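Notes for the structure review
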Amino acid sequence: MVLELMDALDFPAEWTTPSGSRFTGEEAMTFYLRRMAFQNSLLNLSNEEWKAQPSALSEVFTIVGRWMYEHHTYRLLQTGISKWSGRVAQYRDKVSELTGFRHERFGIFAFVDGTARETARPGR
């Protein structure tokens, strides 16, 4: 599955961090997905299956995240809800079917997915 995802995203086959650590594309994608899916410290993750220093894992996570944002965010930002509005009823029905939740006036047709959006972060 990871290889198909990498192919679909035109994901680079090799990654080199600013400090010189090297990762294969499969390692970088797998680590990125693992880090996004579960909240673990980089120290815990470095002790799992990735035999890399937490600092190298932090770097590869950062550069993969930037690459994903730079190469694929336009798909989300340049296509407003109007692109999907014709399918809302279909999505609502599928969510209702899978969850068993149905409401006469309102229906759930989407879930918060963690899409990256710029956020103001006030300083001191």
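The residue numbers shown here count from 1 along each chain, following its written sequence. Thresholds applied to this predicted model are a pLDDT of at least 70 for local features of residues and 80 or more for the giving and counting of side-chain atom pairs; totals over whole chains, interfaces and linings are not thresholded and use all residues. Remark: hydrogens and water are excluded; side-chain values derive from all non-hydrogen atoms of the structure.

1. Structural notes on the packing of helix 1 (residues 2-9) against helix 2 (residues 25-37)
As a reminder of what qualifies: Structural elements are reduced to axes, namely lines fitted to C-alpha atoms, with helices fitted over the stretch in contact, and the angle between N-to-C directions of any two is expressed from 0 to 180 degrees. The secondary structure listing takes helices from DSSP runs of H or I that are at least 4 residues long and strands from runs of E that are at least 2 residues long, numbered from the N terminus. In these notes the angle categories are as follows: under 35 degrees is roughly parallel, over 145 is roughly antiparallel, 65 to 115 is roughly perpendicular, and the rest is oblique. Contacts were defined at the residue level, with two residues in contact if any of their heavy atoms lie within 4.5 Å. Residue type decides the class: Asp, Glu, Lys and Arg count as charged, Ala, Val, Leu, Ile, Met, Phe, Trp, Tyr, Cys and Pro as nonpolar, and the leftover types, Gly among them, as polar.
One can describe the packing of helix 1 onto helix 2 by two numbers: an axis separation of 10 Å at closest approach and a directional angle of 100°. The orientation of helix 1 with respect to helix 2, classified from their angle, is roughly perpendicular. The residues of helix 2 that touch helix 1, namely those facing Val2, Leu3, Leu5, Met6 and Leu9, are Gly25, Glu26, Met29, Thr30 and Leu33. Here the residues of the contact of helix 1 with helix 2 sort into seven nonpolar, two polar and one charged.

2. As for the nonpolar core
Operational definition: Here, nonpolar core refers to any group of buried Ala, Val, Leu, Ile, Met, Phe, Trp, Tyr and Cys residues whose side-chain atoms link them within 4.5 Å. A 1.4 Å probe rolled over the protein chains alone gives each residue an accessible area, and that area as a share of the maximum for its type sets the label: buried under 20%, exposed over 50%, partly exposed in between.
If you look at the biggest cluster of nonpolar residues, it comprises 20 residues, and the most contacted ones within it are Phe11, Trp15, Phe23, Val60 and Val64. Among the secondary structure elements, those contributing two or more residues to this core are helix 1, helix 2, helix 3 (42-46) and helix 4 (54-77). Looking at this core element by element, the count peaks at seven residues for helix 4. The residues contacting Val64, other than those within four sequence positions of it, are Phe11, Trp15, Ala28 and Tyr32.

3. Remarks on helix 6 (residues 88-99)
Rules: One less than the number of residues in a helix, times 1.5 Å, gives the span that helix is expected to have.
Compared with an ideal rise of 1.5 Å per residue, which puts twelve residues at 16 Å, helix 6 spans 16 Å between its outermost C-alpha atoms and is within 8% of the ideal. Just beyond helix 6, the residue with positive phi is Gly100, at close to 80°.

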